[in-house]
Amino acid sequence: MRYKYLTIALIYSTLFAQSKISLESVLDGTFRTESIGRYDWKNSSDSYYFSERSDEGLEFYEYNLASNDTLKAFTVKKDIISNFSYSFSPDQTKLLLKKNSVKLWRHSSYGSYYVYDISSESLTPVTSDPDSLRNVKFSPDSNKLAFVRNDNNLYLFDLTNELEEQLTFDGSEDILNGHFGWVYEEEFGTYDSYKWSPNSDYIAFIREDQTYVKEYALVDYEAQYPVVKYIRYPKTGEDNPIVSISILDLKNKEYRSVNLPDTAYYIPDIIWQTNSSNLYFATLNRKQNDWNLYKYDFDTNGADLILNDSNDSWIDRDPFIAPGEIGTRNTKRGFSFAIMDDGEIIWISEKDGFSHIYRNRPDGRPINQVTRGDWEVNNISAIDYRNETIYFSAKKETETENHLYSIKFNGSRLKRLTKEKGSHSSSFSPTLNYFINSYSSFTVPPKTLIREDNGKIVRILRETDRSKFDAYNLTYPQLINIFTDDGTRLNALITYPHNFDPMKQYPVILYNYGGPGSQLVINRWGAGSHTLHQYFASRDFIIFSFDNRGTGGRGKAFKDLAYGDYGKYLVKDHIEAAKYLQGLTYVDGDNIGIWGWSGGGYLTNMCMTLASDYFKAGISIAPNVEPLLYDTIWTERYMGLVEENPEGYKNASVLTHVDKAKGHLLQIHGNADDNVHHQHSIKLAKAYAEHGKDMEMFIYSNANHGMSNNNFLSEDYPADGWKNRYHLYKKMADFFTEHLVTDNF
């Protein structure tokens, strides 16, 4: 006879010898994995630089991949400067050092900057006032620096004479030169809006006018009298910032504004062609389903259309990622767009229904589609133009793994270079002779290797000993499939309790994000089973996650099911998942909970209303409850325009469905969340009250979207991110234990 399983801490600790996971160990690095850490490729070589702290200062070493030799390169002595981050100049003769860094939004920060000359061991402050600078970048010739001050103007600092020059003069609270405002940074993934020309003679930049963007108030309640600060935040359907492109001619001291085409509603990025004076920029319409690439014409001050990519839903376009070294085509992060020295364009598009690589002539005429098939290219890792070879990351054999491949420009000789099961990333040396390959799987913790360009393993650089995880009796997620009512296969992960007994019954915690184009079920270490979930598994919970319809990795049609109402299939598929779980004999079908953060918080709120017959308890953290309260770019990308889709917006709002709420809901938010404002949770609480529904709510003071301090709002009364996260996890554990564990005592 099957029976409900009860966790009694005393019995558990007596019977099992393994170490038990604590909430402290979830956060303190106990389960940290190994990596080689920060490294920077040495120009035109098969070596990289890395650094280590010593009593003398920060010591830099050069490691050669071919010979396996490590040589000491130089030291930045701590009596000169200490406690800094760094980046190399393009010619690698200098370091740009940053102290007193303060994070602003998701990507941006500001700080105090200095230049360290490696050969002379000299330190130069970036101007006589090096503090509170942002977007500081070397010129390609390494002789100058450009940066943005608090007045939102661009400046130049010449290292040859140490003179500062102001380049723009109209910066203000409304006008931003050289950096993007909040919504561009958050949704287009870049805060840097200026680019040096390859010859260091020009700077092209995007000027952002926020005059008509409405302000949102963030309130610091820690002071005796609350302090209010405002950010420009365009909510769905409201006015966006107006962007334009300008070019600074540094030699001739000239400034010109580019005549933009009518399609230039959004300008996500600009890029110079390597070793040329050709400038390109991309535009998107407001619906974000019509992308255009233009080449700037210096003679006419206009632009010629080179490429177009459009469809009926939305276009996914990454920011242009310039190579780390001039003349190469490789980056650690991967890229989706590159312009060759002769003007040929190699880029990724979903135009055939899947993400694939294409080649176009300099004038935009197509050459060929390089990759094809019912599988997805993730990004391009490197391009060997001389040998007409592209190295790229893709999900060819299965959408749940990422592997590295090579292929010829004409689409022939496709070869998989990484054989081990799991998810692989790569970073090619500047010569393209070798690449550093990091990979992991559900059961193999991260490992870092050196491989030749053909995939042959040279040596292991670093690997994680799994025994320290096994000492805690961890259970690793298992990949399974579930099916919807129309037969659609969905990928899922199930993590069993430690010391699982199939003759017993366990409560379930379903964790997900589920947003458009996202993907959670990937064969990598920590997928669906990060340390917090192992904490729950050690306390006799089953953990379940899956990728619902509308998520990524399976082609445009599958992803587009999220378009127009991103909550529709989210809810349908979570009901199917709950039914599947209820059909498992070892699941206590009356005690299924759900939680998520941000978009995952949204799905939790939707499931605790429209699917409340299936979920007994839910924890929603920092959710976007109402699409009209979230930002323009993200929401309109997946929902379309408000005036064209009023019914979709209504259906996608949790507020529409509060009358169906049942079960136990814990709503958590930071009151200084600049991304998803706690206004969402406040409005939900009001709706619950007006419908006679119950919910619990907890607000973290001065906390941002991740429950750490919002530095824009408060430095005098900062939120403690570690303490907040510990408190949050304990609150989660107590809540699920109270509501999902039967006969608890």
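Structure shown above.
What counts as what
Residues numbered from 1 in each chain as written. Predicted model: local features only at pLDDT ≥ 70, side-chain atom pairs only at ≥ 80, totals over all residues. Heavy atoms only, no water. Helix = DSSP H or I, 4+ residues; strand = E, 2+ residues; numbered from the N terminus. Rg over C-alpha atoms; globule rule 2.2 N^0.38 Å. Contact = heavy atoms within 4.5 Å. Pairing = 2+ DSSP bridges. Axes fitted to C-alpha atoms, helices over the stretch in contact; angles between N-to-C directions. Salt bridge = Lys/Arg side-chain N within 4 Å of Asp/Glu carboxyl O. Buried < 20%, exposed > 50% of the residue type's maximum accessible area, 1.4 Å probe, protein only. Polar contact = N/O pair within 3.5 Å; in protein donor to acceptor, adjacent residues only side chain to side chain. Expected span 1.5 Å × (residues − 1). Core = buried A, V, L, I, M, F, W, Y, C linked by side-chain atoms within 4.5 Å. 1 Å grid on protein atoms, 1.4 Å probe; cavity = no way out; pocket = protein on both sides within 12 Å on 5 of 7 lines; lining within 4 Å. Points joined across faces, edges and corners; volume = space filled by probe spheres on them. Nonpolar A, V, L, I, M, F, W, Y, C, P; charged D, E, K, R; others polar.

Student: Could you give an account of the overall build of the chain, with specific residues and numbers?
Tutor: What the chain contains, in helices and strands, is 12 helices and 45 strands. Rg of the C-alpha trace for the chain: 27 Å, near the compact-globule value of 27 Å for 745 residues, within the 12% margin. Projected onto its principal axes, the C-alpha positions of the chain cover 85 × 60 × 55 Å. Summarising the internal contacts of the chain: among those between residues at least 6 apart in sequence, 58% fall at separations of at least 24.

Student: Report on the sheet that holds strand β21 (residues 266-272), specifying residues and quantitative values.
Tutor: Spatial ordering of the open sheet is given by β21-β22-β23-β24, a layout of 4 strands whose pairing is antiparallel. Because the sheet does not close on itself, it has two edges, and the strands there are β21 and β24 (302-310). Sheet twist, expressed as the mean angle between neighbouring strand axes with direction ignored, is 20 degrees. Relative to strand β22 (residues 279-284), β21 runs antiparallel, the two sharing 5 bridges. Within the sheet, the bridge partner assigned to Ile270 lies in β22 and is Phe281.

Student: Describe the pattern of salt bridges, and please don't skip the residues or the numbers.
Tutor: In total, this model carries 38 salt bridges according to the counting rule given. As a salt-bridge pair, Lys137 and Asp192 come within 2.6 Å of each other at their nearest N and O atoms. Of this pair, Lys137 sits in strand β10 (residues 134-138) while Asp192 is found in the loop between α3 (182-188) and β15 (194-196), placing the two residues 55 residues apart along the sequence. A salt bridge links Arg149 to Glu164, with the nearest nitrogen and oxygen atoms 3.1 Å apart. Here Arg149 is found in the loop between β11 (144-148) and β12 (154-158), whereas its partner Glu164 is found in strand β13 (residues 163-166), with 15 residues between them in sequence. Residues joined in a network through salt bridges with shared partners are Asp316, Glu350, Lys556, Lys559 and Asp560.

Student: Summarise the side chain of His424; cite the residues concerned and give the values.
Tutor: Within the fold, His424 resides in strand β34 (residues 423-428). A residue is classified by how much of its surface remains accessible, and His424, at 6% relative accessible area, is buried. Among the polar contacts listed, one links the side chain of His424 to the backbone oxygen of Glu420, at a separation of 2.7 Å. With residues up to four places along the chain from it excluded, the contact list for His424 reads Asn402, His403, Thr418, Asn437, Ser438, Tyr439 and Arg451.

Student: So what's going on with helix α7 (residues 568-582)? Which residues, and what values?
Tutor: In this model, α7 (15 residues) spans 22 Å end to end at C-alpha, consistent with the 21 Å of a helix rising 1.5 Å per residue. Regarding α7, the residues found buried are Tyr569, Leu570, Val571, Asp573, His574, Ile575, Glu576, Ala577, Ala578 and Leu581.

Student: Describe in detail helix α8 (residues 599-607), supporting the description with residues and values.
Tutor: Of all 9 residues making up α8, 9 are buried, and the element is well covered by its neighbours. Buried residues along α8 sit in contact with α7, β42 (587-597), β43 (617-621), α10 (646-652), β44 (664-670) and α11 (679-690).

Student: Which residues make up the nonpolar core, and what values go with them?
Tutor: Core analysis: the largest hydrophobic core is formed by 94 residues, its most contacted members being Trp291, Leu293, Phe337, Phe544 and Phe615. Broken down by element, the residue count for this core peaks at 6 residues, all from α7. Aside from chain neighbours lying at most four places away, what touches Phe337 is Ile271, Trp291, Leu293, Leu307, Phe320, Ile345, Ile346 and Trp347. Judged by nonpolar contacts, the second largest core, of 41 residues, contains Phe31, Tyr472, Ala527 and Ile619.

Student: Give me the sheet that holds strand β4 (residues 57-64): which residues, what numbers.
Tutor: The strands making up a sheet associate through backbone hydrogen bonding, with each pair oriented either parallel or antiparallel. Taken in spatial order, the 4 strands make up an open sheet running β2-β3-β4-β5, and their pairing is antiparallel. Only two strands of the sheet have a single partner each, and these edge strands are β2 (40-41) and β5 (70-77).

Student: Which residues make up empty space enclosed by the protein, and what values go with them?
Tutor: Taken as a whole, this structure holds 4 cavities of 30 Å³ or more when the rule is applied. The calculated volume of the largest cavity comes to roughly 80 Å³. In terms of lining residues, the largest cavity is bounded by Tyr513, Gly514, Gly515, Pro516, Tyr566, Leu570, Gly599, Tyr602, Asn624 and Trp634. The residue makeup of the lining of the largest cavity, split by class, is 6 nonpolar, 4 polar and no charged. Approximately 50 Å³ is the volume attributed to the second largest cavity.

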